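Okay, here's what each chain looks like letter by letter:
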Amino acid sequence: MIEMTDVHKAFGSKQVLRGVNLTVQSGESMVIIGGSGTGKSITIKCILGLVHPDSGQILLDGKNVEDEERDAFLAKFGMLFQGGALFDSLSVWQNVAFRLLRGSLKRPKDEAREIAIEKLRRVGLTPEVADQFPAELSGGMQKRVGLARAIAADPEVIFFDEPTTGLDPIMAGVINDLIREIVVEMGATAITITHDMTSVRAIADKVAMLHGGKIRWMGPVAELDGCSDPYVDQFIHGKAEGPIAAVR
Amino acid sequence: MNILAGIGRSFLGILSLIGRITIFASLAISHLVRPPFYPREFLVQLGYIGFLSLPVVGLTALFTGGALALQIYSGGARFNAETVVPSIVAIGIVRELGPVLGGLMVAGRVAASIAAEIGTMKVTEQIDALTTLSTHPMKYLTVPRVLAATLSMPVLVAIGDIIGIMGGYLVGVTRLDFNAAAYMTNTLDFLEVSDVISGLAKAAVFGFIVATMGCYHGMNSGRGAQGVGRATTSAVVSASILILASNYILTEVFFSA
Ligand SMILES: Nc1ncnc2c1ncn2[C@@H]1O[C@H](COP(=O)(O)OP(=O)(O)OP(=O)(O)O)[C@@H](O)[C@H]1O
Ligand SMILES: [Mg+2]
């Protein structure tokens with residue numbers, strides 16, 4: 001279980017998070033929606049300890065994430081970065097198998113490669129790409145390699161930062177199904193950031209909307225459409241008119 | 001008033017930069033001795049930093065040795081001491097010019113490329129990705145580079161010394177009518193073990209400085225292409241200045257010892 005309590009974060013004079021409260025149960029798929037630049041990526045980076053909050057508390061299974069032993073703590077996590085963040089000096093399969101080639105999860109090279117190719121297949125990539133380099137792939141392919149890397153070591157908690165942006169609708173459907181499958185079959189806890197309402201409906205158990213540095217609304221995905229909150233209504237229907245200013 | 005404030009501010013800025021670099025360097029050293037280690041990364045860096053710098057260092061030494069022989073000859077001729085050419089070339093190269101010029105050339109080549117590579121990794125979130133994959137960026141990126149540079153610089157400079165002396169020898173024998181065998185004996189007779197050791201010790205320190213500056217500026221790179229560009233420049237400039245400053249300090253130490 002992940003619990004964020006009153007998390008604040010500012011960059012210089014710019015207040016990004018102004019008291020985020022968010023609870024994600026184990027085995028639950030949480031989707032965070034919200035306008036561009038509202039601090040969604042920063043929120044999950046705070047949980048991972050990549051960004052240190054100015055104040056507030058983040059607990060994982062009741063323990064403060066800041067106090068935990070870093071390596072053991074991070075071994076439970078998988079993260080897909082918004083920009084892919086692939087290591088451009090390593091081939092695709094070495095990227096995917098990064099965790100399996102070193103550290104506590106290390107295994108023989110052949111086995112690691114096999115797992116990498118299997119994970120690539122799950123994100124819709126053929127074994128031929130395994131020996132290519134990230135720079136030789138299209139944006140959407142890079143994103144999927146990032147996804148394969150995030151799930152390579154079967155983590156307990158997975159964060160997906162915009163997994164379907166830049167993908168064609170069919171591939172987006174494949175990825176949505178995959179994320180759903182990971183949560184249902186592997187019992188993983190997932191937090192997904194997305195702007196894509198089809199994804200939201202396909203992936204989410206619960207939806208949280210971030211606005212103005214706080215969680216504006218949170219509830220089960222079934223209640224999303226009937227939600228009376230004008231911010232949520234404007235966002236999910238993509239209306240230009242409403243309480244959320246178009247210029248931010 | 002404004003001018004004073006400006007001077008004060010930049011002075012404080014420099015002090016805090018020195019502090020941050022010191023912390024970074026001690027952190028790098030502390031990670032050097034704690035597992036996990038990444039031998040593969042180390043070997044790759046050894047090849048890149050050590051082996052591929054050989055032409056640069058070798059050419060620098062060759063031309064410097066040649067020019068030095070000409071200079072010493074014309075200077076020595078003023079008081080009929082042309083015969084000092086071999087020994088002064090050897091001592092000048094081994095104690096001073098080999099390590100310093102080699103260090104500066106490697107600073108241009110290696111500090112820049114390390115800063116650009118790590119800076120790009122930083123702005124494309126690859127450093128964050130490393131962390132989430134339970135790999136400490138300091139251990140995976142900084143330690144192999146610092147270790148490779150510190151160990152390979154003395155070897156590079158040793159080879160550079162030989163090439164530099166050869167440069168002086170070639171000029172001495174072909175242009176200045178030195179006897180080949182006499183030039184060689186003169187060189188070897190005057191050179192002491194302590195000259196060589198002090199030069200190689202300097203080289204190790206310069207190697208450490210080059211890699212540490214590259215990594216520090218890369219890791220602290222600003223955002224975007226401009227940030228990486230600035231990091232690269234800062235890495236080369238600060239590495240060069242630190243090499244020259246520490247060269248003076250080390251020379252004082254060896255001189256008094
Ligand atoms: N390192 C940083 N330094 C300064 N400001 C930052 C930094 N990182 C993020 N910000 C600011 O924090 C705000 C939130 O950024 P974040 O990346 O979390 O947005 P987001 O909600 O993920 O947006 P998007 O949907 O466009 O990805 C932005 O306004 C951004 O300018
Ligand atoms: Mg984002």
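Structure report, in brief. Note that the coordinates shown come from a computational prediction; the quantities given were computed from them, not determined experimentally.

So, about the coordination of the magnesium ion (ligand 2). Residues and elements named next belong to chain A. At the metal site, the magnesium ion (ligand 2) is ligated by Ser41 (OG) and Gln82 (OE1), and these contacts range over 2.0 to 2.2 Å. Placement of the pair is Ser41 in helix α1 (residues 40-48) and Gln82 in the loop between β6 (77-80) and α3 (92-96), with a sequence separation of 41 residues. By relative accessible area, which is 36% here, Gln82 ends up partly exposed.

This part covers unusual backbone geometry. Across residues other than glycine, the phi torsion is negative in most instances, and most of the peptide bonds are trans. Of note, the bond from B:Pro35 into B:Pro36 is cis; its omega dihedral lies within 30 degrees of zero at 0 degrees. The residue B:Pro36 is located in the loop between α1 (2-32) and α2 (39-50) in this model. Phi at A:Asp6 is positive, roughly 50 degrees, even though this residue is not glycine. Among the structural elements, A:Asp6 can be located in strand β1 (residues 2-11). In this structure, B:Asp177 takes a positive phi of about 60 degrees despite not being glycine. Counting through the fold element by element, B:Asp177 comes out in the loop between α6 (137-174) and α7 (180-190). On the basis of relative accessible area, B:Asp177 is assigned to the exposed category, the value being 67%.

A separate point is empty space enclosed by the protein. Under the defined criterion, the tally for this structure stands at two cavities of 30 Å³ or more. Approximately 70 Å³ is the volume attributed to the largest cavity. If you go around the largest cavity, the residues you meet are B:Val57, B:Thr60, B:Ala61, B:Thr64, B:Ile93, B:Leu97, B:Gly98, B:Leu101, B:Gly102, B:Val157, B:Gly160 and B:Asp161. Elements that contribute at least two residues to the lining of the largest cavity include exactly α3 (54-77), α4 (85-123) and α6 of chain B. Ranked by the residues each element gives to the lining of the largest cavity, the list is headed by α4(B), at five residues. Of the residues belonging to the lining of the largest cavity, the class tally is six nonpolar, five polar and one charged. Empty space within the second largest cavity amounts to approximately 50 Å³. Lining the second largest cavity, in full, are A:Phe77, A:Gly78, A:Met79, A:Val96, A:Arg99, A:Arg149, A:Ala150, A:Ala152, A:Ala153 and B:Leu133. Only β6 and α5 (139-151) of chain A provide two or more residues apiece to the lining of the second largest cavity. By residue number, the principal contributor to the lining of the second largest cavity is β6(A), which donates three residues. By residue class, the composition of the lining of the second largest cavity is seven nonpolar, one polar and two charged.

Procedures and definitions
Residues numbered from 1 in each chain as written. Chains lettered and ligands numbered in written order. Predicted model: local features only at pLDDT ≥ 70, side-chain atom pairs only at ≥ 80, totals over all residues. Heavy atoms only, no water. Donors = N, O, S within 2.8 Å, 3.2 Å for Na, K, Ca; no water. Helix = DSSP H or I, 4+ residues; strand = E, 2+ residues; numbered from the N terminus. Buried < 20%, exposed > 50% of the residue type's maximum accessible area, 1.4 Å probe, protein only. 1 Å grid on protein atoms, 1.4 Å probe; cavity = no way out; pocket = protein on both sides within 12 Å on 5 of 7 lines; lining within 4 Å. Points joined across faces, edges and corners; volume = space filled by probe spheres on them. Nonpolar A, V, L, I, M, F, W, Y, C, P; charged D, E, K, R; others polar.

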